[in-house]
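Overview (structure and organization)
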Amino acid sequence: MAHDQSPIYLEAQVARLCAVHCLNNLLQQSYFTEVDLAQIGARLDEEEKRLLMERELSARALNELLEQSGQNVSDDGDFSVQVVALALKSFDLSLEQTGQSVLTERALIFNFHEHWFCARKFGGAWYILDSAKDTPVYVDASDVGALVLW
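Residues numbered from 1 in each chain as written. Predicted model: local features only at pLDDT ≥ 70, side-chain atom pairs only at ≥ 80, totals over all residues. Heavy atoms only, no water.

1. Considering helix H4 (residues 81–89)
Those residues of H4 that fall on the buried side of the exposure criterion are Val83, Val84, Ala87 and Leu88. Considered in projection along H4, the buried side chains sweep an arc of 135° and stay on one side of the axis. (Buried < 20%, exposed > 50% of the residue type's maximum accessible area, 1.4 Å probe, protein only. Helix = DSSP H or I, 4+ residues; strand = E, 2+ residues; numbered from the N terminus. Arc of directions from axis to C-beta.)

2. Section: the packing of aromatic side chains
In total, this model carries 5 aromatic pairs according to the counting rule given. When the centroid spacing of 5.1 Å and the interplanar angle of 20° are considered together, the rings of Phe110 and Phe117 count as stacked. Looking at Phe110, the relative accessible area reads 12%, which means it is buried. For Phe117, a relative accessible area of 3% puts it in the buried group. Ring plane angle 70° and centroid distance 5.6 Å describe the contact between Tyr127 and Tyr138, whose orientation is recorded as edge-to-face. Taken as a pair, Tyr127 in strand E3 (residues 125–129) and Tyr138 in strand E4 (residues 137–139) lie far apart in primary sequence, 11 residues in all. When its relative accessible area of 3% is taken as the criterion, Tyr127 is described as buried. Overall, the relative accessible area of 40% leaves Tyr138 in the partly exposed class. By way of ring pairs, the aromatic residues Tyr31, Phe32 and Phe91 are connected into one cluster. (Phe/Tyr/Trp six-rings, centres within 6.5 Å; stacked < 30°, edge-to-face > 60°.)

3. Considerations on the sheet that holds strand E1 (residues 107–112)
The strand order across the open sheet built from 4 strands is E1-E2-E3-E4, with neighbouring strands paired in antiparallel fashion. Looking at strand neighbours, the two that pair on one side only are E1 and E4, the edges of this open sheet. When strand polarity is set aside, the average angle formed by the axes of neighbouring strands in this sheet is 25°. Across 3 bridges, the pairing between E3 and E4 is antiparallel. (Pairing = 2+ DSSP bridges. Axes fitted to C-alpha atoms, helices over the stretch in contact; angles between N-to-C directions.)

This is the structure we're talking about:
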């Protein structure tokens, strides 16, 4: 519970869908599904392939790049940072790289060892919202900057 005693929404981890849970936890409601993010990833993959095809490359170089493209969504439910960024854009939110001075932010998104989670400010209190945890984890404001270095 946040210091104002309002409940904090926290989705539990299902399969390897932590990006879905991270976004929903950040937004405090179940807005995204695996299908939504997979569709965003497929659109990104197609756009990347189209851009690669427009480049004047040798057939060998083009084949190598095409084999490496299509990494925005994996078969086991992992999603790229580009997918997360586009999903946030639909809410007029953006991902920005930040330094240690994060206290002016309202939320932070992390990908640590291929696991997406977020930290969010409720009132003046920060909480880690991690789908692999049972409850939100309170973080003292003075320690929020250390999360970025974690």
